[in-house]
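Letter by letter, the chains look like this.
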Amino acid sequence: MTAVRTRWPQALGMAVVLGLVAFVIFGPLANLLLWAFAEKWYFPNRIPQEFGLTFWARVFSPRGNALASLGTSVWIAMLTVFLSLAVAIPAGYALARLKLRWRGLILLAFLLPQAVPNLPVYVNIARVFYEIGLNGTVLGVVLVHASHGLVLAVWIASAAFASVDPSLEEAARNLGASPWTCFRTVTLPLAAPGLIASAIFVFLESLDEFTGTYFVGVPDVTTLPLLMFNASMGGNYQIASITALLLLVPSIAFMLVVERFLKADVLAGVGR
Amino acid sequence: MTDAKETSAGWRAYALVVPALAVIVLFFVLPLALSGVLAFRAKDGGLTFDHFAKAWDLYRTDLLFTVGIVLLSTVLIGVVAIAIAGYLTLGENPRAVAILRWLYRWPLFIPFIVTGQVMRTFLAKNGMLNHVLIGSGLIEPLAAQSMLDWRGIVVAFVWKQAPFVTLLLAGAMAALEQQQIEAARNLGAPRWRVLADVILPQVRGTMLVGLVLSFVTMLSVLSVPLMINPNSPTMITVDVAYRISTLGDYAVANALCLMSLVVAAGGAWFYLQHAKRQTLQV
């Protein structure tokens, strides 16, 4: 048997390739960071002539709208999570545990928003909402976000409930617990990690959603993505980059904690 | 007795599913159906194909542009995902594998809208890409050009979606039987042969699902083309937004939407063809 030993040229080649991958991944993000802290940056300077926090002060000033937009975004995302989970938990439980004739078909229906281009939906829902006075309201935006968030919420909830050992529920029932008590004290706590993971997914998806809000939220609901878009199209790269960074914070934080909530055994149950 | 119990339990199960289903039907399926109705409805309420004729007349270049961009991006995403997932599975240097595994995931958690902004600065004439290329002597300063056209959209799409397909693909590869791979390696097959002949045929289904989902997602992304390349020729999504926001023209917008649905259906059809062939093989 020959031991596999890394030879120098090979290791060097590997380092170069990994360096290139790192540049492709982090280069664009570094560019964003530079813009967020640039006071002055004119062509052809490679880095900003002046760094500073003036634009941060402007973004966070009361007239900067960023805090208000952040508030709107978080409020909408929280309501979306609440609505999605309120309907996804019963549905997920039924899909995992109860007899349903068209189970496969129902699961497929919840995949629709992921499998069909969303633009036609947003366009026409905006038209309908306009007629019934839901356009430009938080409720309208929440309904649109929830219909998309349900994809993940229902699939992950169903997988989370399926991964709970049924014999534990039977034991509780045999000890005299009512179905509701059994669900509340045994099934729900055991499925909680998966449900929390789905809540985080739905929250982030709502926080980052642009197209639906663009059509349904106008003119009164300005979320952080819309604020970022307007700043960018207005040519204000500093404000746009700072807002983009604000949007990234929850996503990156999520990436670092997600593996604690989304255990492999739950993921393995998705789609079963 | 048992029958009665099962029927009542069945009724309850449906009652639990109905609220969630209602949200999907009311706020997704019905608006989608409405799109089909409005695209064919004339002002007097009759059936017409005028909106399609107008949409085709005005935007056929953009339609081809969209299909081209999304197809090219899908192919590139597939290539990148196979390369990364393949190395994660077959790589012999554990440290390199660990670094790559940590690196590739980042764009997965970055929203499309931020990707648009990030690429808008990175790929601009004065962006970091050009500065690095000039600084390393790869191009002359005068040769620096803005990539904020179709190339920018493709780069943004691949950057954002390749990690998603890679994640699925690497998961599927990790679930394969290691003995098979080892057997092939012991018989002297080079790594790329093992990847092409042993691993890829077994994970093709997963890859197709990831690619078709990416294909459909990219078809309806509005922010990236709007931020990187808003001028003609551009993607259909930008035209739809223009027809609605500026002209209030729902008829032509819906005709365009239906056209992009047909393209998406083409993707789904392609997937089903291959999925069928795979089941037949098994």
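Residues numbered from 1 in each chain as written. Chains lettered and ligands numbered in written order. Predicted model: local features only at pLDDT ≥ 70, side-chain atom pairs only at ≥ 80, totals over all residues. Heavy atoms only, no water.

**Section: the interface of chain A and chain B**
For an interface, size is often stated in terms of accessible area lost upon the parts coming together. In this complex, chain A contributes 77 residues to the contact, which on the side of chain B involves 72 residues. In this assembly, chain A packs against chain B so that about 6800 Å² is buried in total across both faces, 79% of it on carbon and sulfur atoms. Its residues placed into classes, the side of chain A that touches chain B shows 59 nonpolar, 12 polar and six charged. (Contact = heavy atoms within 4.5 Å. Buried area = accessible area lost by both parts, 1.4 Å probe. Nonpolar A, V, L, I, M, F, W, Y, C, P; charged D, E, K, R; others polar.)

**Structural notes on the packing of aromatic side chains**
What characterises a pair of aromatic rings is the spacing of the ring centres plus the angle enclosed by the ring planes. Applying the stated criterion across every chain yields a total of 19 aromatic pairs over all chains. Aromatic side chains Phe37(A) and Trp56(A) sit 5.3 Å apart centroid to centroid with 20 degrees between the ring planes, which places their arrangement in the stacked category. In this pair, Phe37(A) sits in the loop between α1 (8-36) and β1 (38-40) while Trp56(A) sits in helix α2 (residues 54-60), placing the two residues 19 residues apart along the sequence. Of the residues examined, Trp56(A) reaches a relative accessible area of 18% and is grouped as buried. Ring pairs connect the aromatic residues Tyr93(A), Phe161(A), Trp180(A) and Phe183(A), which therefore count as one cluster. Here Arg127(A) stacks its cationic end above the ring of Tyr250(B), 4.9 Å away from the centre of that ring. A cation over a ring is seen here: Lys160(B) above Phe112(B), with NZ or CZ 5.3 Å from the ring centre. (Phe/Tyr/Trp six-rings, centres within 6.5 Å; stacked < 30°, edge-to-face > 60°. Helix = DSSP H or I, 4+ residues; strand = E, 2+ residues; numbered from the N terminus. Buried < 20%, exposed > 50% of the residue type's maximum accessible area, 1.4 Å probe, protein only. Lys NZ or Arg CZ within 6 Å of the ring centre and 35° of its normal.)

**Concerning the domain arrangement of chain B**
Residue and element names in this part refer to chain B. According to the domain assignment, chain B consists of domain 1 (1-48) and domain 2 (50-281). Computed from C-alpha atoms alone, the centre-to-centre distance between domain 1 and domain 2 is 32 Å. For the pair domain 1 and domain 2, the summed buried area comes to about 670 Å², and 62% of that belongs to carbon and sulfur atoms. Interface area lost by domain 1 to domain 2 is led by Ser35, Ala39 and Thr48, which between them contribute 58%. The interface formed by domain 1 and domain 2 contains zero salt bridges. At the boundary of domain 1 with domain 2, the tally comes to three residue pairs in polar contact (both at pLDDT 80 or more). (Domains from an automatic or database assignment. Salt bridge = Lys/Arg side-chain N within 4 Å of Asp/Glu carboxyl O. Polar contact = N/O pair within 3.5 Å; in protein donor to acceptor, adjacent residues only side chain to side chain.)

**Comments concerning the side chain of Thr237(B)**
With respect to the secondary-structure elements, Thr237(B) resides in helix α10 (residues 236-245). At 3.1 Å, the side chain of Thr237(B) and the backbone oxygen of Val221(B) are in polar contact. Apart from residues lying up to four places away in sequence, Thr237(B) is in contact with Leu119(A), Leu219(B), Ser220(B), Val221(B), Leu222(B) and Pro225(B).

**Re unusual backbone geometry**
Cis peptide bonds are those with omega within 30 degrees of zero, and the linkage from Val218(A) to Pro219(A) qualifies with -5 degrees. Tracing the backbone shows Pro219(A) in the loop between α10 (211-216) and α11 (224-233).

**Some details on the packing of helix α3 (residues 66-97) of chain A against α11(A)**
Each pair of packed helices can be described by the angle between their axes along with the distance between the axes. Residue and element names in this part refer to chain A. It is at 8 Å that the axes of α3 and α11 come closest, and there the two elements cross at 140 degrees. In terms of axis orientation, α3 runs oblique to α11. Here α3 contributes Ala66, Ser69, Leu70 and Ser73 to the contact with α11, which in turn contributes Leu224, Pro225 and Leu227. Among the residues forming the contact of α3 with α11, the class breakdown is five nonpolar, two polar and no charged. (Axes fitted to C-alpha atoms, helices over the stretch in contact; angles between N-to-C directions. Parallel < 35°, antiparallel > 145°, perpendicular 65-115°, else oblique.)

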